[in-house]
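The residues making up each chain are set out below.
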Number of protein chains: 2
Amino acid sequence: MQPSAIETHRVRGVLLDLGGVVYVGNAPINGAIAAIDRLREAGIALRFITNTTRRPRREVILDLGRMGLHVSGHELITPALMARAVLERHGQSPFLVVHPALEEDFAGLARGGSEAVVVGDAGEHFTYDRLNAAFRKLSAGAGLLALAKNRNFKDRDGELSLDAGPFVVALEYAAKREAVLLGKPSPEFFNLALDSLGCAMDRVVMIGDDAEADVAGARRFGIGGILVRTGKYRPGEENEWQLQPECVADNLEAAVDRILGWRSAASM
Amino acid sequence: MQPSAIETHRVRGVLLDLGGVVYVGNAPINGAIAAIDRLREAGIALRFITNTTRRPRREVILDLGRMGLHVSGHELITPALMARAVLERHGQSPFLVVHPALEEDFAGLARGGSEAVVVGDAGEHFTYDRLNAAFRKLSAGAGLLALAKNRNFKDRDGELSLDAGPFVVALEYAAKREAVLLGKPSPEFFNLALDSLGCAMDRVVMIGDDAEADVAGARRFGIGGILVRTGKYRPGEENEWQLQPECVADNLEAAVDRILGWRSAASM
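Residues numbered from 1 in each chain as written. Chains lettered and ligands numbered in written order. Predicted model: local features only at pLDDT ≥ 70, side-chain atom pairs only at ≥ 80, totals over all residues.

**Some thoughts on the overall build of chain A**
Scanning chain A from N- to C-terminus turns up eight helices and 14 strands. Here the C-alpha radius of gyration of chain A, 19 Å, is about what a compact globule of 268 residues would show, namely 18 Å. Here the C-alpha coordinates of chain A stretch approximately 60 × 40 × 35 Å along the principal axes. For chain A, buried positions account for 49% of its 268 residues. (Helix = DSSP H or I, 4+ residues; strand = E, 2+ residues; numbered from the N terminus. Rg over C-alpha atoms; globule rule 2.2 N^0.38 Å. Buried ≥ 20, exposed ≤ 12 C-beta atoms within 10 Å, placed from the backbone.)

Here's what the structure looks like:
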């Protein structure tokens, strides 16, 4: 493993991937909720990350509460929140190609001015008419923001189904243009997370179960990365990427032990 | 211009692009029908080519008849006909993602055995459910045949609309696989056209208005190419491609003059 790029003894902020790290399905991973409480008690700022593009932030927070995890609105980062930040920065109004449930996350944005097409996982709401209307907006100069570019996901019937990615590339091909990708591991994403935490990047660690998007992505950006052996983790995955994690931990509980251990070692 | 790759004085077969060469919109180009009659009278075998993937062959032949051009079934080559030939060769049955009007061109194919997804310009019939079902077929090992890969087309309202291409690349991205493209300028296409004509390639000329797909494509395959200055032709286009046409003619009438001129010059 390479020497750490961050000041491990001074960690002030932690980015926590949700699915596969804090919970799997509808159940929290053993010890995860208590571990998060310990981070809070140690005065570490937290941001929770989800790549979901089907449910609004309000629903995600409600679902987490039902699992016993209490998260404030400002602590939850979603691709829709990032899209909103980009739209506000450029004074653009959105043309949404998303699941209707997600629309509330874009409410109240200024209308008029230039536009940007925003593509999420719209499922059966990916209709020809909607995609064609988006294509015409792109042809007229609108921006293109992709909330995700995943190829597929495990659907309710247990089979793989088409995710947002294929429809993003369809629009890219039609308009001869590349979308701005807003989810992990884009620099846009880590920028927004750091801004929101208000910490220097060498004092922030990302905890995730995806060696590529979570860990290598964070380290490429200059943030620390801890890989957990839960969720989608496959043995040996940490060695597939040049930018390896600060450490690999069995689960979130063990990862928090490491972070708090670094701090107490420094204060001894 | 390079020396011709074909024996111009022995041309036995001509491939004729329809849209932009024989007609524009619903009207034949001036002199085109009479020029085609002259080719027939000279004993030259003809094949007419269209890239349409919305209308069945039967309708295309009816429309041509209304313009005064009488074409036999075996003289018309469409992407659907090519797909059918590929399916028959591999003993595959089709899973169609095409406009309902096109389905008749796939009637009567053997069922059972392996499958291939066939994608044409389905317009509003590109639904999430149909595309997702196609994706699941691909995941289970089905083949992927693209009748076309065009990005867009000029729709009835005069604006550009999404063509088959974006949906082909969506499925390619989802399934991590490349489609077999059946239209011009694929080798599959020129192979089928030559088989159907029953001529050696150095005695065949393709006449088209597209310097890339028609002319450079034909010449890459070893067939002669004549570019006409009608349809989508833009001045100077013939110089953009390394494989330039045998000649550039003002229209189909002038192109036929050249072909018949080569033959009579040889017999003098």
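From this point on, the discussion continues.
**Concerning the relation of the copies chain A and chain B**
The transform that puts chain A on chain B rotates by 180° and translates by 0.1 Å along the axis, for an RMSD of 0.1 Å. The symmetry that links the two subunits is that of a two-fold axis. A share of 100% of the interface residues of chain A reappears at the interface of chain B, consistent with the copies meeting face to face through the same patch. (Least-squares fit on C-alpha atoms with pLDDT ≥ 70 in both. Contact = placed C-beta atoms within 7 Å.)

**What about the nonpolar core?**
With 168 residues, the main nonpolar core has Val117, Val118, Leu171 and Ile207 of chain A together with Val117, Val118 and Leu171 of chain B as its most contacted residues. Beyond its immediate sequence surroundings of up to four residues, valine 117 of chain B is in contact with Phe95, Val97, Ala134, Lys137, Leu138, Ala142, Gly143, Leu144 and Leu171 of chain B. (Core = buried A, V, L, I, M, F, W, Y, C linked by C-beta atoms within 7 Å.)

**Overview of the packing of helix H4 (residues 128-139) of chain B against helix H5 (residues 164-175) of chain B**
Residues and elements named next belong to chain B. Two elements in contact, H4 and H5, have axes separated by 10 Å at closest approach and are oriented at 45°. Classed by the angle they form, the pair H4 and H5 counts as oblique. Note on packing geometry: the crossing formed by H4 with H5 is right-handed. Listed contacts from H5 to Leu131, Ala134, Phe135, Leu138 and Ser139 of H4 are Phe167, Ala170, Leu171, Ala174 and Ala175. Looking at the contact of H4 with H5 residue by residue, the class counts come to nine nonpolar, one polar and no charged. (Axes fitted to C-alpha atoms, helices over the stretch in contact; angles between N-to-C directions. Parallel < 35°, antiparallel > 145°, perpendicular 65-115°, else oblique. Left-handed = near helix turned anticlockwise from the far one by under 90°. Nonpolar A, V, L, I, M, F, W, Y, C, P; charged D, E, K, R; others polar.)

**What about the pairing of strand E1 (residues 13-17) of chain A?**
All names here are of chain A. For E1, the buried fraction is high: five of the five residues fall into the buried class. By the alternation rule, side chains of E1 split into Gly13, Leu15 and Asp17 and Val14 and Leu16, which are all buried. Relative to strand E12 (residues 204-208), E1 is paired through four bridges, and the arrangement is parallel. Pairing of leucine 15 across the sheet is with methionine 206, part of E12. (Pairing = 2+ DSSP bridges.)

**Quick look at the domain arrangement of chain A**
Partitioning chain A into structural domains gives domain 1 (8-51 + 184-267) and domain 2 (92-181). For domain 1 of chain A versus domain 2 of chain A, the distance between C-alpha centres works out to 29 Å. (Domains from an automatic or database assignment.)

**Focus on helix H3 (residues 79-90) of chain A**
Side chains of residues three or four places apart in an α-helix project in the same direction, reflecting 3.6 residues per turn. Residue and element names in this part refer to chain A. Look at H3: 17 Å from first C-alpha to last across twelve residues, which is about the 16 Å you get at 1.5 Å a residue. Residues Pro79, Ala80, Met82, Ala83, Arg84 and Leu87 constitute the buried set of H3. On its buried face, H3 sits against helix H2 (57-66), strand E6 (93-97), strand E7 (115-119), strand E8 (143-146) and helix H6 (187-197). Following H3 by one or two positions, glycine 91 has its phi on the positive side, about 60°. (Expected span 1.5 Å × (residues − 1).)

**Quick look at the pairing of strand E4 (residues 45-49) of chain B**
Residue and element names in this part refer to chain B. When strand E1 (residues 13-17) meets E4, the two strands line up parallel, connected through five bridges. Within E4, the residue paired with glycine 13 across the bridge is alanine 45. Here E4 runs beside strand E5 (residues 76-77); their pairing, made up of two bridges, is parallel. Within E5, the position partnered with isoleucine 49 by the bridge is isoleucine 77.

**Thoughts on the interface of chain A and chain B**
Taken together, the contacts link 25 residues of chain A with 25 residues of chain B. Secondary-structure elements contributing two or more residues to the side of chain A that touches chain B are helix H4 (128-139), strand E10 (160-162) and helix H5 (164-175) of chain A. With eight residues, the top contributor of residues to the side of chain A that touches chain B is H5 of chain A. Counted by class, the side of chain A that touches chain B contains 13 nonpolar, seven polar and five charged residues.

**Thoughts on unusual backbone geometry**
All names here are of chain A. Cis geometry marks the peptide bond from lysine 184 to proline 185, where omega comes out at -5°. Along the chain, proline 185 falls in the loop between strand E11 (180-181) and H6. Phi is positive for lysine 176, which is not a glycine, with a value near 50°. Mapped onto the elements of the fold, lysine 176 is located in the loop between H5 and E11. Given 9 C-beta atoms within a 10 Å radius, lysine 176 is considered exposed.

**Observations concerning the environment of glycine 68 of chain B**
All names here are of chain B. Here glycine 68 lies in the loop between helix H2 (57-66) and E5. Here glycine 68 falls in the exposed class, since 12 other C-beta atoms lie within 10 Å of it. Considering only alpha carbons, one finds glycine 68 and glycine 141, 73 residues apart in sequence, at a separation of 45 Å. Beyond its immediate sequence surroundings of up to four residues, glycine 68 is in contact with Pro28 and Ile33.

**Remarks on the sheet that holds strand E13 (residues 224-228) of chain A**
Residue and element names in this part refer to chain A. Taken in spatial order, the six strands of this open sheet run E5-E4-E1-E12-E13-E14, and their pairing is parallel. Strands at the two margins of the open sheet, each flanked by one partner only, are strand E5 (76-77) and strand E14 (247-249). The strands touched by helix H7 (residues 211-221) within the sheet are E1, E12 and E13, with E13 carrying the most contacts at an inclination of about 160°.

**Focus on the environment of phenylalanine 221 of chain A**
Mapped onto the secondary structure, phenylalanine 221 of chain A falls in helix H7. Distance from phenylalanine 221 of chain A to aspartate 129 of chain A, taken between C-alpha atoms, is 39 Å for residues 92 residues apart in sequence.

**Some words on helix H6 (residues 187-197) of chain B**
Residues and elements named next belong to chain B. Every buried residue belonging to H6 is among Phe189, Phe190, Ala193, Leu194 and Leu197, and all of these are buried. With its buried residues spanning 125° around the axis, H6 presents them on a single face. More than 90 degrees from the buried face of H6, the exposed residues found are Pro187 and Asp195. Where H6 is buried, its residues contact E1, E4, E5, helix H3 (79-90), strand E12 (204-208) and helix H7 (211-221). Following H6 by one or two positions, glycine 198 adopts a phi angle in the positive range, close to 70°. (Arc of directions from axis to C-beta.)

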